[in-house]
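Geometric and topological summary
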Amino acid sequence: MIELDEIDRSLLRALARDATQSASALGRRFGLSQPATWRRIRRLEGGGAIVGRRLRLNAEALGFGVTVFLGIKLATRGRVSLEDFERAVSAIPEVQTVEHVLGLFDYRLRVVARDLPDFERVLRRRIMTLPGAGEVEANVLLSEERLPGPL
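One structure accompanies this document, and this report is about it. (Residues numbered from 1 in each chain as written. Predicted model: local features only at pLDDT ≥ 70, side-chain atom pairs only at ≥ 80, totals over all residues. Heavy atoms only, no water.)

Here we look at the overall build of the protein chain
- Looking only at helices and strands, the protein chain has five helices and four strands in total.
- Its helices and strands taken in sequence order, the protein chain reads α-α-α-β-α-β-β-α-β from the N to the C terminus.
- A compact globule built from 151 residues should have a C-alpha radius of gyration of about 15 Å, whereas the protein chain, at 20 Å, is more than 25% larger.
- The principal-axis extents of the C-alpha atoms in the protein chain amount to approximately 55 × 35 × 25 Å.
- When contacts within the protein chain are restricted to residue pairs at least 6 apart in sequence, long-range pairs at least 24 apart make up 65% of them. (Helix = DSSP H or I, 4+ residues; strand = E, 2+ residues; numbered from the N terminus. Rg over C-alpha atoms; globule rule 2.2 N^0.38 Å. Contact = heavy atoms within 4.5 Å.)

Here it is, written out as structure tokens:
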């Protein structure tokens, strides 16, 4: 675990909101020089506190108006390897995330589709035909709030 001071936490909060901010803009905001800010960011990356920066796409603006969370329980434990299932489900373009979880289901998927009929097609033709796919529970996303992290 990396030690963080209040400036580090502030930098992490600011970058979590908008990772495109420059080191000079962040430095001005937090009373640091650009090189000092850059060194802190590099230290946070090197220490594992920052593991990457990603672009968040607006699925709805791109024509994907439905997001569904699926809980999937594997039907045949032992007959299908977890790796085979994960490889197959990860190849489906509409599946945004694949999470191996502990609980009622073995996996939790985030799936986007153009509309409910499109989701039904993805579910029936792609997901339910996966090796080992068994019981499925679907939860349609109604709204989403992005909450700040624990910092």
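Details of the packing of helix α1 (residues 6–17) against helix α2 (residues 23–30)
- Between α1 and α2, the shortest axis-to-axis distance is 11 Å and the interhelical angle comes to 130°. By the angle between their axes, α1 is oblique relative to α2. Along this stretch, α1 crosses α2, giving a crossing that reads as right-handed. On the side of α1, the interface is formed by S10, L11, A14, L15 and R17, while α2 contributes L26, R29 and F30. (Axes fitted to C-alpha atoms, helices over the stretch in contact; angles between N-to-C directions. Parallel < 35°, antiparallel > 145°, perpendicular 65-115°, else oblique. Left-handed = near helix turned anticlockwise from the far one by under 90°.)

Some words on the sheet that holds strand β4 (residues 133–140)
- The antiparallel open sheet is built from four strands, whose spatial order is β2-β3-β1-β4. Lying at the two open borders of the sheet, with one neighbouring strand each, are β2 (95–100) and β4. Ignoring strand direction, the axes of neighbouring strands in this sheet form an average angle of 20°.
- Strands in contact with helix α4 (residues 82–90) are β1 (66–74), β2, β3 (107–113) and β4; relative to β2, the strand with the most contacts, it is inclined by about 165°. (Pairing = 2+ DSSP bridges.)

Side note on the nonpolar core
- By size, the foremost hydrophobic cluster in this structure holds 19 residues, and its most contacted members are L70, F85, V111 and I127.
- Among the secondary structure elements, those contributing two or more residues to this core are β1, α4, β3 and α5 (116–127).
- Tallying contributions element by element places β1 first for this core, with five residues.
- When neighbours within four sequence positions are excluded, I127 is seen to be in contact with L70, I72, I92, V95, V111, V122 and A133.
- Counting nine residues, the second largest nonpolar core, distinct from the first, contains I2, L15, L26 and I50. (Core = buried A, V, L, I, M, F, W, Y, C linked by side-chain atoms within 4.5 Å. Buried < 20%, exposed > 50% of the residue type's maximum accessible area, 1.4 Å probe, protein only.)

Some details on the packing of α2 against helix α3 (residues 34–46)
- Closest axis-to-axis distance for the α2/α3 pair is 8 Å, and the angle between their directions is 105°. In terms of orientation, α2 lies roughly perpendicular with respect to α3. Packed against α2, whose contacting residues are A23, S24, L26 and G27, the element α3 presents Q34, T37, W38 and I41 at the interface.
- Split by residue class, the contact of α2 with α3 holds four nonpolar, four polar and no charged. (Nonpolar A, V, L, I, M, F, W, Y, C, P; charged D, E, K, R; others polar.)

As for the pattern of salt bridges
- Tallied over the entire structure, the rule returns 14 salt bridges.
- One salt bridge in this structure joins R42 and E45, with 2.5 Å as the shortest N-O distance. Within this pair, R42 and its partner E45 are both found in helix α3, separated by three residues, close to a single helical turn.
- R126 is paired through a salt bridge with E94; the nearest N and O atoms lie 2.6 Å apart. Placement of the pair is R126 in helix α5 and E94 in the loop between α4 and β2, with a sequence separation of 32 residues.
- For R126, a relative accessible area of 30% corresponds to the partly exposed category.
- Put simply, D5, D8, R40 and R43 are held in one network by salt bridges that share partners. (Salt bridge = Lys/Arg side-chain N within 4 Å of Asp/Glu carboxyl O.)

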